[in-house]
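# Architecture and fold: a report
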Amino acid sequence: QRESFYSTLVDADVFEAVEDALWAASPQKYPWVWQASVDVLHNMLIHDSALLRTFLVCRIPSKRSLLTRLVTMVVSQEVTPGLVHQLMEILRMVLDPDAMQPSDKDVFLD
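So, here is what we can say about the structure in this document. As the structure is a computational prediction, the values presented were derived from the model and not from experiment.

Turning our attention to the environment of Ser62. You can see Ser62 is positioned in the loop between α3 (31-59) and α4 (66-74). For Ser62, a relative accessible area of 22% puts it in the partly exposed group. Side-chain polar atoms of Ser62 contact the backbone nitrogen of Arg64, separated by 3.1 Å.

Moving on to helix α2 (residues 14-24). Within the span of α2, buried status applies to Val14, Phe15, Val18, Glu19 and Leu22. Summarising the axial view, the buried residues of α2 lie within an arc of 135°, below the 170-degree limit, and thus occupy one face. Exposed and facing more than 90 degrees away from the buried side of α2 are Asp20 and Ala24. Packing partners of the buried residues in α2 comprise α1 (2-11), α3 and α4.

Quick notes on the rules
Residues numbered from 1 in each chain as written. Predicted model: local features only at pLDDT ≥ 70, side-chain atom pairs only at ≥ 80, totals over all residues. Heavy atoms only, no water. Helix = DSSP H or I, 4+ residues; strand = E, 2+ residues; numbered from the N terminus. Buried < 20%, exposed > 50% of the residue type's maximum accessible area, 1.4 Å probe, protein only. Polar contact = N/O pair within 3.5 Å; in protein donor to acceptor, adjacent residues only side chain to side chain. Arc of directions from axis to C-beta. Contact = heavy atoms within 4.5 Å.

And the structure:
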């Protein structure tokens, strides 16, 4: 049942929704949007990190990609230290080569 739930979220473009929300919402003005988005990403990563990793790889050419937004916010003064820590944890989980399947590792790291 959990697999079906996460598949439905991916099919409903949850990552695109999070990406749009994080580009549209200022972390200072709408901290709840950022916290909710971080929670969604974290839960998706715990379930299956390859889902988010695949989305991020497909969106790399875009200047307004989710990966770009996460990285820029980590080095920004706009977010609280607690949120920076959560964003860093998400990036660590996505970029950790030990957590990748061998086929994903080649595609993602190239």
